[in-house]
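Structural characterization, general
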Amino acid sequence: MADNSNKIHFLIRGPNLTKKYKTAVSLHSHSELSREGLGFVPRYASRIPILSTFYRLEQNRYLAKKGIGFDFRRAYWIPPLSPESVLESERKRIESDLQMHALVSLSDHDTVSKIGSSPPCLEWTVSINSIELHLGIYNLPSDQAKNISSQLVTQSGRLNQRRLLELLSWLNENQDVLIVLNHPFADLTSSGSERVKQTVMELIRKGRDIIHALEINGYRPWKENKEIAQLAARFSLGLVGGGDRHGYAPNAILSLTNAHTFCEYVEEVRYDRRGIVAIMPEYCKNLVARKLQAAVDFFRFPPTGWATNQHWMDRVFFQLEDGVVRPLSYYWNHTIPLWAKPATWFLQLLASRYAWSTIQALFRSNEIPLSSAQVAVLSDWENSFLLSHS
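A short tour of the structure in this document, coming up. (Residues numbered from 1 in each chain as written. Predicted model: local features only at pLDDT ≥ 70, side-chain atom pairs only at ≥ 80, totals over all residues. Heavy atoms only, no water.)

Another aspect to go through is the overall build of the protein. The helix and strand tally for the protein stands at 13 helices and 14 strands. Counting every position in the protein, which comprises 390 residues, the buried fraction comes to 51%. Restricting to contacts in the protein with at least 6 residues of sequence separation, those with at least 24 account for 74%. (Helix = DSSP H or I, 4+ residues; strand = E, 2+ residues; numbered from the N terminus. Buried < 20%, exposed > 50% of the residue type's maximum accessible area, 1.4 Å probe, protein only. Contact = heavy atoms within 4.5 Å.)

Overall, the coordinates contain 10 aromatic pairs when judged by the stated rule. Between the aromatic rings of Phe70 and Phe72, the centroid separation amounts to 5.0 Å while the plane-to-plane angle is 85°, which identifies the pairing as edge-to-face. Phe70 gets classed as buried once you look at its relative accessible area, which sits at 10%. Summarising the aromatic geometry, the rings of Phe72 and Phe318 are spaced 6.3 Å apart at their centres and angled 70° between planes, so their arrangement reads as edge-to-face. (Phe/Tyr/Trp six-rings, centres within 6.5 Å; stacked < 30°, edge-to-face > 60°.)

Further remarks concern helix H6 (residues 193-207). Over its 15 residues, H6 extends 21 Å from the first C-alpha to the last, a length consistent with the 21 Å expected when each residue adds 1.5 Å. Listing the buried residues of H6 in full gives Val196, Thr199, Val200, Met201, Leu203, Ile204 and Gly207. (Expected span 1.5 Å × (residues − 1).)

Note on backbone geometry: most residues besides glycine have negative phi, and most peptide bonds are trans. You will see that Gln99, though not glycine, has its phi angle at about 55°, which is positive. Note on placement: Gln99 falls in the loop between helix H3 (83-98) and strand S5 (101-104). Even without being glycine, Ser190 reaches a positive phi, approximately 55°. Take Ser190: it is sitting in the loop between strand S8 (178-182) and H6.

Let us look at the packing of helix H4 (residues 145-154) against helix H5 (residues 161-172). Packed helix pairs are specified by the crossing angle of their axes together with the interaxial distance, meaning the distance between the axes. In the contact formed by H4 and H5, the axes pass within 11 Å of each other and the chain directions differ by 170°. Classified by the angle between their axes, H4 and H5 sit roughly antiparallel to one another. Contact residues: Ile148, Gln151 and Leu152 in H4; Leu167, Trp170 and Leu171 in H5. In terms of residue class, the contact of H4 with H5 is made up of five nonpolar, one polar and no charged. (Axes fitted to C-alpha atoms, helices over the stretch in contact; angles between N-to-C directions. Parallel < 35°, antiparallel > 145°, perpendicular 65-115°, else oblique. Nonpolar A, V, L, I, M, F, W, Y, C, P; charged D, E, K, R; others polar.)

At their nearest, the axes of H5 and H6 sit 11 Å apart, and the two run at 45° to each other. Relative to H6, H5 is oriented oblique. Classified by chirality, the crossing of H6 by H5 is right-handed. The residues of H6 that touch H5, namely those facing Gln161, Leu164 and Leu165, are Glu202, Leu203, Lys206 and Gly207. Across the contact of H5 with H6, the residue classes tally to three nonpolar, two polar and two charged. (Left-handed = near helix turned anticlockwise from the far one by under 90°.)

Here we take up the environment of Val104. Mapped onto the secondary structure, Val104 falls in strand S5. Each C-alpha atom of the pair Val104 and Leu27 lies 6.4 Å from the other, and the pair is 77 residues apart in sequence.

Moving on, we get to the sheet that holds strand S3 (residues 36-37). The strand order across the open sheet built from four strands is S3-S4-S13-S14, with neighbouring strands paired in antiparallel fashion. Edge positions in the sheet fall to S3 and strand S14 (325-327), since each has one partner strand and no second. Bridge count for strand S13 (residues 316-319) against S14 is three bridges, and the pairing is antiparallel. Of the residues in S14, the one forming a bridge with Phe317 is Pro327. (Pairing = 2+ DSSP bridges.)

So this is what it looks like as structure tokens:
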């Protein structure tokens, strides 16, 4: 029976949490197995001075050659790190910095990730009424994970709400699976925040028994995350922390528990509808600066010790009319065109230690409005506050 006691801890400074919680859970990480769409490129490239000029020239040249403009929905990029590197960095961060037992999973887009002892998981992309939603499907049975993933992904493009609920009910038949609605209010397709909220609210009302938890996301604004916590309390849903990392920076939001295995953690969230979320210090930094850092990470050369040596051009892919998917380096012959060099030089400059120190100084303001009373609470890792739904 649900005890409806979701809590959020702000881990700002102070002693570790091993006296109260033994385990930290890292959910929602992306590796090179994820395909991140580039359909947004035309919307932004046409607005950026100088770059917009070259963007139009390249599109016109492609149009003259092919008779049709390039569709960026057929292009994607992949994060820089292997699944093994992501898992190891998350585990090391928890065990070394927090001195806690680590439970770590990956949730690559529409691809089951199971490396070593990590449970089979994926982030399932669905579309309802042109609204894109992401569902974290955690702890699939190992012997069925590939088949389940294939069935889900095959039907992703032609779902209505009724069929989605049927598939979630089917998943729910496995008692060890955890179903989480990730970053529920994120407007991923520029459909309008009100349409997104309306779609999500209707889905939760009808599927509250088969959607086990909502996610507090590491790259969403605090105001939105607080609304999600209140929504979870309102519908007696669990709450989980999802970092949503795509680069080198570790997840800024974790979950806490005394469970020793992933199955035990699933039981706590799914059946007790109880989640303890841990917000790490980096989340309290300016969100714009953190997103900029994630973008810079994509273009930078990997720091020493990371198991990747790919240039960023080898991590951007295009599918042209022949149907063959090739990396950008193939079309650019491994050489950045003159028109693109200023942008890449600028991003590489941002990646330097001295430039980043300046950027952090410019974006020092905190997105989380804290009263003096709350500041006192946040100064101790052991304290937390319970978010009500009012």
